[in-house]
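Structural overview
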There are 2 protein chains.
Amino acid sequence: MRGTYEALCEHGYTELTAQDIADRTDKSKSLLFYHYDSKEDLLADFLEFLFERFDERVAETRDLSPVERLAVFVDWFLYGPEENDRQSFHVAMLELRTQAPYNEAFREKLRKGDDQLRAVLEEILRDGLAAGEFSEHDPEETAALLIAAFDGARIRQLTIGRDEYLEQVRTATATWVFDDLLAEGASFPADRDPSTLPETDQQHRLAADLGTEGGNGTGDPDDETNGADADGGDAAGDEPTERDRE
Amino acid sequence: MRGTYEALCEHGYTELTAQDIADRTDKSKSLLFYHYDSKEDLLADFLEFLFERFDERVAETRDLSPVERLAVFVDWFLYGPEENDRQSFHVAMLELRTQAPYNEAFREKLRKGDDQLRAVLEEILRDGLAAGEFSEHDPEETAALLIAAFDGARIRQLTIGRDEYLEQVRTATATWVFDDLLAEGASFPADRDPSTLPETDQQHRLAADLGTEGGNGTGDPDDETNGADADGGDAAGDEPTERDRE
DNA sequence: AGTCACTAACTGACTAGTTAGTCAGTGCGG
DNA sequence: CCGCACTGACTAACTAGTCAGTTAGTGACT
């Protein structure tokens with residue numbers, strides 16, 4: 001799994017060979033086919049693995065207010081282009097997503113991820129409504145809009161290299177959606193500054209930056225270099241904390 | 001070019017072989033490599049070809065009011081899932097787009113397409129501002145938001161097969177953006193009904209449905225079965241009217 | 001303790017299938 | 001007879017998946 005993650009980052013999805021994955025492991029390529037019927041099978045299981053971690057990850061922000069959680073959500077989606085590991089992983093995930101129309105297993109997993117992602121955002125919106133923090137609206141449609149807009153911005157940034165999409169869409173949603181959503185003239189917290197994020201999330205971010213390396217030359221052999229966010233835009237996940245199976 | 005288009009629709013991008021393209025032609029595969037240095041070269045030229053047609057296509061709506069043009073734009077982007085040929089083509093284009101991070105030529109063409117697309121939408125918005133039809137806003141940011149949202153909705157619909165994204169995002173943008181944008185309480189025209197579209201566009205739509213067939217068994221050999229929209233979400237284009245080169 | 005039987009994890013070497021790109025040569029219009 | 005469009009047959013490279021066989025762990029029986 002960790003090997004799969006690293007191999008994806010390095011080679012992307014279409015250029016990914018079974019050998020590449022095996023190379024990132026101390027095991028052989030044959031073993032992969034001993035455990036899985038095909039390469040696609042393995043990748044489908046990788047998706048499963050990714051999304052399993054999603055919910056616990058979200059739970060960490062449980063104690064925040066709806067507005068704050070919304071801000072974290074936005075920030076998590078629209079992270080800056082400077083996070084290189086995440087970027088190459090997301091490009092690979094994007095490649096994988098585009099294979100979903102041809103692959104029922106992928107489609108099913110991604111649908112599951114989509115459910116999770118939408119559930120999270122809708123819950124934030126509903127909580128906000130209930131708490132009177134947000135003005136009246138349809139959470140389902142609003143969630144769809146936000147996810148589509150953020151996903152679209154990310155995709156265009158990654159594919160054509162137009163970084164400005166991220167900030168423009170961030171600002172535009174703040175103007176058109178959040179300013180109206182927040183009833184009492186409150187403007188939306190521009191959470192870019194990591195220091196406003198809850199501590200657990202900061203740790204995750206930090207870890208995310210190290211993620212791919214999986215233990216640099218210098219470090220304590222014990223440190224948990226995990227947590228690189230793994231989201232195809234259909235939902236997210238972390239990647240291996242300890243060496244999970246093979 | 002037409003062969004490339006049809007082959008893309010049928011096989012998608014990753015499964016597309018040079019032979020597939022040649023098969024859609026009365027020429028041989030070798031000829032492709034006589035004209036182009038590589039398959040990617042050919043595809044890059046295909047993108048160029050696509051985007052060349054974009055501007056003329058847009059020009060057809062020149063005489064409409066900004067509000068109407070905006071409605072046409074939305075409709076054009078968020079066409080329904082029943083248009084099968086367009087769908088498979090867009091899936092292929094999406095696959096192609098995800099290769100852009102690895103391919104400078106693709107990236108450059110797609111950037112050009114992005115420029116065109118944004119220019120069109122920004123012009124609509126600016127015209128609307130000037131005509132007093134739209135309330136004050138930043139056309140650049142708004143354009144970015146709309147394109148990202150529509151593109152994202154389309155992508156999620158295509159990849160995970162969730163058709164509802166299209167309508168939800170359509171409704172949500174109407175609620176959050178268009179209702180505010182249209183100063184005088186006017187609600188946004190729900191243009192789903194093709195009969196409200198200008199005639200030229202209708203013709204195009206119709207043609208689009210035939211697009212892939214390229215002359216069914218019955219038809220006049222002379223009829224122009226062209227016009228299937230070709231947009232990777234980075235901009236759009238038609239596809240061959242007459243057999244263009246090779 | 002020894003050894004036999006059984007199984008699951010694991011491997012290196014191999015194959016079969018695929019495909020981008022090449023090349024030597026053909027036909028033809030001017 | 002030149003040069004251009006064009007072709008069929010070929011190859012070189014790559015890779016998913018297979019397979020025959022090795023190793024290591026576990027338990028059971030004597």
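Let me begin by describing the structure that accompanies this report. Quick caveat, the model's predicted, so the values are computed rather than measured. (Residues numbered from 1 in each chain as written. Chains lettered and ligands numbered in written order. Predicted model: local features only at pLDDT ≥ 70, side-chain atom pairs only at ≥ 80, totals over all residues. Heavy atoms only, no water.)

Brief notes about the relation of the copies chain B and chain A
Condition: We superpose the copies by least squares over the C-alpha atoms of residues that have a pLDDT of at least 70 in both of them. Only heavy atoms matter for contacts: two residues are in contact if any of them lie within 4.5 Å across the pair.
Laying chain B over chain A is done by rotating through 180° and shifting 0.0 Å along the axis; what remains is an RMSD of 0.1 Å. Here the transformation between the copies is reduced to the relation of a two-fold axis. An overlap of 100% is found between the interface residues of chain B and their copies at the interface of chain A, pointing to a shared contact surface.

Thoughts on the interface of chain B and chain A
Just so we agree on the cut-off: Two parts placed together each lose some accessible area under a 1.4 Å probe, and adding up what both lose gives the buried area. Definition used for salt bridges: Asp or Glu carboxyl oxygen within 4 Å of a side-chain nitrogen of Lys or Arg. For this analysis, a polar contact is any N or O atom pair within 3.5 Å, provided that within protein one partner can donate a hydrogen and the other can accept it, and provided that sequence-adjacent residues contribute only side-chain to side-chain pairs. Secondary structure elements are taken from DSSP: a helix is a run of H or I of four residues or more, a strand is a run of E of two residues or more, and numbering for both begins at the N terminus.
Residue-level contacts link 49 residues of chain B with 49 residues of chain A. Where chain B abuts chain A, roughly 4,200 Å² becomes buried across the two surfaces, and 58% of that area is made up of carbon and sulfur atoms. Three residues stand out in chain B for area buried against chain A, namely Arg-156, Ile-160 and Trp-176 of chain B, and they jointly supply 19% of the buried area on that side. Where chain B packs against chain A, one counts 8 salt bridges. Here Arg-156 of chain B ties to Asp-151 of chain A by a salt bridge, and the two come within 2.7 Å at their closest N and O atoms. Along the contact surface separating chain B from chain A lie 24 residue pairs in polar contact (both at pLDDT 80 or more). Mapped by element, the contributors of at least two residues to the side of chain B that touches chain A are α7 (84–97), α8 (104–130), α9 (139–160) and α10 (164–181) of chain B. Among the elements that line the side of chain B that touches chain A, the one with the most residues is α9 of chain B, at 16 residues.

Observations regarding the protein's contact with DNA strand C
Going by this rule: Whether a residue is near a molecule or strand depends on its heavy atoms: if one lies within 4 Å, it is near. Asp, Glu, Lys and Arg are counted as charged, while Ala, Val, Leu, Ile, Met, Phe, Trp, Tyr, Cys and Pro are counted as nonpolar; the rest, among them Gly, fall into the polar class.
As a structural note, the neighbourhood of DNA strand C is formed by 15 residues, with Ser-28, Ser-30 and Tyr-34 of chain A together with Lys-29 and Lys-39 of chain B the closest of them. What you see for DNA strand C is that sugar and phosphate hold 52% of its atoms within 4 Å of the protein. One nitrogen or oxygen atom from the main chain of Ser-28 of chain A is found 2.6 Å from a phosphate oxygen belonging to DNA strand C. Measuring from a phosphate oxygen of DNA strand C, one finds a backbone N or O atom of Ala-18 of chain B at 3.0 Å. Those elements that provide at least two residues to the surface near DNA strand C are α3 (29–35) of chain A together with α3 (29–35) of chain B. It is α3 of chain A that provides the largest number of residues to the surface near DNA strand C, a total of 4 residues. Residues that form the surface near DNA strand C fall into these classes: 5 nonpolar, 6 polar and 4 charged.

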